[in-house]
Amino acid sequence: MLPEQLNAVPEAVALEAHDPSALLGGNLDRGEVTLLIDAAKIEAVCRLLKDKHDYIRLCTVTALDHYPMEPRFMVVYQLHSLAANRYLRLKCALAEGASIQSVTSVWRGANWYERETFDLFGITFEGHPNLIRILMPEGWVGHPLRKDFPTHGHKYSYQHE
Amino acid sequence: MSETAIPTEATASAGSSTRKLTLNLGPQHPSTHGVLRVLIELDGETITKATPDIGFLHTGIEKQCEALNYQQVVTLTDRVDYLANLSNNLAYVLGVEKLLGMEIPERAQWMRVMLTEFTRLNSHLVWLGTHAIDIGAMSVFLYCFREREEILRIFELFSGQRMMTSYFRVGGIALDAPRGWQHAVKKFVDMFPSKIDEYENLLTNNPIWTRRTKNIGHLPIEEMLDMGITGPMIRGAGLKWDIRKDQPYSSYEKFDFEVPVQTANDVFSRYQVRVEEMRQSTRIIKQALEGMPGGAYQADAPKIVLPEREKMKTQMEALIFHFKIVTDGFTVPPGEVYVPIEAPRGELGYYIVSDGTSKPFRVHMRTPSFGTLQALPNLIEGRMIADSIAIMGSIDFVLGDVDR
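Computed from a predicted structure; not experimentally measured.

**Student:** Looking at this model, I keep getting lost on the sheet that holds strand E8 (residues 362–366) of chain B. Mind explaining?
**Tutor:** Note: strands within a sheet are paired through backbone hydrogen bonds, in either parallel or antiparallel orientation. All names here are of chain B. Pairing within the open sheet is antiparallel, and its 3 strands lie in the order E6-E7-E8. Only two strands of the sheet have a single neighbouring strand rather than two, namely strand E6 (335–343) and E8. Direction aside, neighbouring strands of the sheet carry axes that sit 15° apart on average. Pairing of strand E7 (residues 346–354) with E8 involves 5 bridges; the strand directions are antiparallel.

**Student:** What should I look at first to understand the sheet that holds strand E2 (residues 32–37) of chain A in this one?
**Tutor:** Residues and elements named next belong to chain A. What the 5 strands build is an open sheet, ordered E1-E2-E5-E4-E3; its pairing is mixed. The open sheet is flanked by strand E1 (23–29) and strand E3 (57–65), the only strands paired with a single partner. Taken over all neighbouring pairs, the strand axes of this sheet differ in orientation by 20° on average, direction set aside. Of the strand pairs in this sheet, E1 and E2 are connected by 6 bridges, and their pairing is antiparallel.

**Student:** Before we go on, may I ask you to explain the interface of chain A and chain B in this structure?
**Tutor:** How big an interface is tends to be stated in terms of the accessible area lost upon association of its parts. Taken together, the contact pairs 26 residues of chain A with 30 residues of chain B. Secondary structure elements with two or more residues in the side of chain A that touches chain B: E3, strand E5 (86–94) and helix H3 (110–121) of chain A. Looking at the side of chain A that touches chain B, the element that brings in the most residues is E3 of chain A, giving 6 residues. Its residues assigned to classes, the side of chain A that touches chain B comprises 13 nonpolar, 7 polar and 6 charged.

**Student:** Mind showing me how you'd approach the pairing of strand E2 (residues 37–43) of chain B here?
**Tutor:** Residue and element names in this part refer to chain B. With 5 bridges joining them, strand E1 (residues 21–25) and E2 adopt antiparallel strand pairing. In the strand pairing of E2, Thr 22 is matched with Glu 41. The pairing of E2 with strand E3 (residues 46–53) spans 7 bridges and is antiparallel. By the bridge assignment for E3, Ile 40 is matched with Ala 50. With antiparallel pairing between neighbouring strands as the criterion, E2 and E3 make up a hairpin whose turn holds 2 residues, including Gly 44 at a positive phi of roughly 70°.

**Student:** Quick question: what am I supposed to make of the packing of helix H1 (residues 10–18) of chain A against helix H2 (residues 42–53) of chain A here?
**Tutor:** Relative orientation and spacing of two packed helices are given, respectively, by the angle between their axes and the distance between those axes. Residue and element names in this part refer to chain A. With their axes 11 Å apart at the nearest point, H1 and H2 run at an angle of 120° to one another. By the angle between their directions, the pair H1 and H2 is classed as oblique. The crossing of H1 and H2 is right-handed. Contacts between H1 and H2 involve Glu 11, Ala 14, Leu 15 and His 18 on the former and, on the latter, Val 45, Leu 48, Leu 49, Lys 52 and His 53.

**Student:** For this particular structure, what's the right way to read helix H3 (residues 70–78) of chain B?
**Tutor:** Since the α-helix turns once every 3.6 residues, residues separated by three or four places project in the same direction. Residues and elements named next belong to chain B. Burial within H3 is extensive, with 7 of its 9 residues counted as buried. Those residues of H3 that sit buried are Tyr 70, Gln 71, Val 73, Val 74, Leu 76, Thr 77 and Asp 78. Each element contacted by the buried residues of H3 is listed here: helix H2 (61–65), helix H4 (85–100), strand E4 (168–169) and E8.

**Student:** Sorry, what's going on with the nonpolar core here?
**Tutor:** Side chains of nonpolar character tend, in soluble globular proteins, to be buried together. Counting residues in each nonpolar core, the largest one holds 151 residues, and the members touching the most others are Val 75, Leu 79 and Ile 123 of chain A together with Val 96 and Ile 341 of chain B. Examining the composition of this core, we find that 14 residues originate from one element, helix H5 (residues 106–135) of chain B, more than from any other. Those residues in contact with Ile 341 of chain B that sit more than four places away from it in its chain are Ser 87, Leu 90, Ala 91, Leu 94, Ile 243, Tyr 249 and Leu 348 of chain B.

**Student:** In this structure, what is going on with unusual backbone geometry? I would like to understand it.
**Tutor:** Both trends apply: most residues other than glycine have a negative phi, and most peptide bonds are in trans. Cis geometry is adopted by the peptide bond preceding Pro 68 of chain A, which originates at Tyr 67 of chain A and carries an omega value of 5°. Structurally, Pro 68 of chain A is set in the loop between E3 and strand E4 (73–81). Note that the residue after Glu 70 of chain A, namely Pro 71 of chain A, is joined by a cis bond; omega there is -10°. With respect to the element layout, Pro 71 of chain A can be found in the loop between E3 and E4. Unusually for a residue other than glycine, Asn 215 of chain B sits at a positive phi of about 65°. Considering the arrangement of structural elements, one finds Asn 215 of chain B in the loop between helix H8 (207–213) and helix H9 (221–227). A positive phi is found at Arg 404 of chain B, a non-glycine position, where the angle reads about 50°.

Analysis parameters
Counting from 1, residues in each chain are numbered in the order their sequence is written. Chains carry letters from A onward and ligands carry numbers from 1 onward, assigned in written order. Local features are withheld for residues below a pLDDT of 70 in this predicted model, meaning they are given only at 70 or higher, and side-chain atom pairs are given and counted only at 80 or more; totals for whole chains, interfaces and linings count all residues. Strand pairing is assigned whenever DSSP detects at least two bridges linking the two strands. Runs of H or I in DSSP of at least four residues are treated as helices and runs of E of at least two as strands, each being numbered from the N terminus. Every angle, taken between N-to-C directions, lies between 0 and 180 degrees, and every axis is a line fitted to C-alpha atoms, over only the stretch in contact when it is a helix. Any two residues are considered in contact once their C-beta atoms, placed from the backbone, lie within 7 Å. Amino acids outside the nonpolar list (Ala, Val, Leu, Ile, Met, Phe, Trp, Tyr, Cys, Pro) and the charged list (Asp, Glu, Lys, Arg) are all regarded as polar, and Gly is one of them. In what follows, roughly perpendicular refers to angles from 65 to 115 degrees, roughly parallel to angles under 35, roughly antiparallel to angles over 145, and oblique to any angle outside these ranges. Left-handed describes a crossing whose near helix is turned anticlockwise from the far helix through less than a right angle; right-handed describes the clockwise counterpart. Buried residues are those with 20 or more other C-beta atoms within 10 Å of their own C-beta, exposed residues have 12 or fewer, and partly exposed residues lie in between; C-beta atoms are placed from the backbone. Buried Ala, Val, Leu, Ile, Met, Phe, Trp, Tyr and Cys residues form a nonpolar core when they are connected through C-beta atoms within 7 Å.

This is the structure in structure tokens:
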């Protein structure tokens, strides 16, 4: 079910034609296209966008924490097509504890971005070659960018101190 | 006592002719330009495996952004990339202004362009100086920092700060340009091209410099794009992609400048690109100086932009707005934006999500150094360790930008 405002967006139309169940929605807001993708199909969608629509660059991967709402997380992918000079955002809703496919097989550069998202949000990426903490120290407890992680205080600190 | 032989290097490695050596480069090493640790596996002088270890400078800026209101966040963006503070200011305020749907007066836009180009010069000068000192060209560093000092003085003139300027605000710039700014900028613009010639005299045809930088650090352009490399590195590989041209922001479309491209795809070509970028930035600054429009330097949005001091003291309404902005901040309609700009190091994107309150729901920085640094193993594996220092210099990363 393609939202009306996306009828003129070629990627959305192609995605809808290719696999209607993968595209769950989306919007065109302030000139930016956001597509809501089924988390189970993110790898295939990214592959299609890269191969057929020239999205050869992955700008970044990050997440949003909508705690205490469910599903809690929203994984965000920002894509860029040099040929079309366009940016595209993909979002996948994810419940706490669930995992999502890694897109490192599509863009190798996703490696560090997914590690960062794992480190700061605690989201697991299946098939990631080296999913370990990247910014926080190894013994750190908790995931700082979660909304229930305090900005101040000593409760969360190194494990062995 | 007994005749038991003490194991020596030779006996320990008996059986294999070579032994791999694991070496820690950094975190405290001058060539890492900050606190980067690279775990290097060496076979003789050749790097067989490199594993960058980052996070030593992680200060939780993205988390802190969620605790401050929109105007206060500007001060944090300075500290992301401390050599390109105004680029970070610009990307952030452009994002918030896009969320608000604001129109910015032309004078403020031109001021922003002029000062971000100064930032590019500042960043490239620090890069050139430190890169050259890494490879052994000591004097270039002193020359570069001499001119950088002039740029910092200009920043101080405008904002009162040399480095953490926080000069761009949502809705415009913090203060109008100070009296006599044209004189200071003109003096710099007239002087600087000859200084670039000086650096080039010292380096471009210097046989030691060319032998240390030519034909090393090659990476196929497809791999670069795949790994997330942006900015001067990709232009040094032959791709003409500059966000200032492709998706102009803050009235860059009104300026006449070239995007320098080199095809050699090595350390030297990145040097050439950055040096030429310095010349082009000077051109842009000159155009901004000559054509600077008059008029307001802040948008007419009393609920967002702080009123002038005089108005605040004499008008009831202005006083109320001032109080509201300072105590609560301003609210931003819900939505999300990704605003990419061409920072000195490449694509700097701010992903800002608003939930309708006066504090950002999420601010994510897509920093150029983070994307570029993850390609470090691709660049230095299989190379000599001495070359890796030159290659690391050519990447031009800033660890504050990587770790945030």
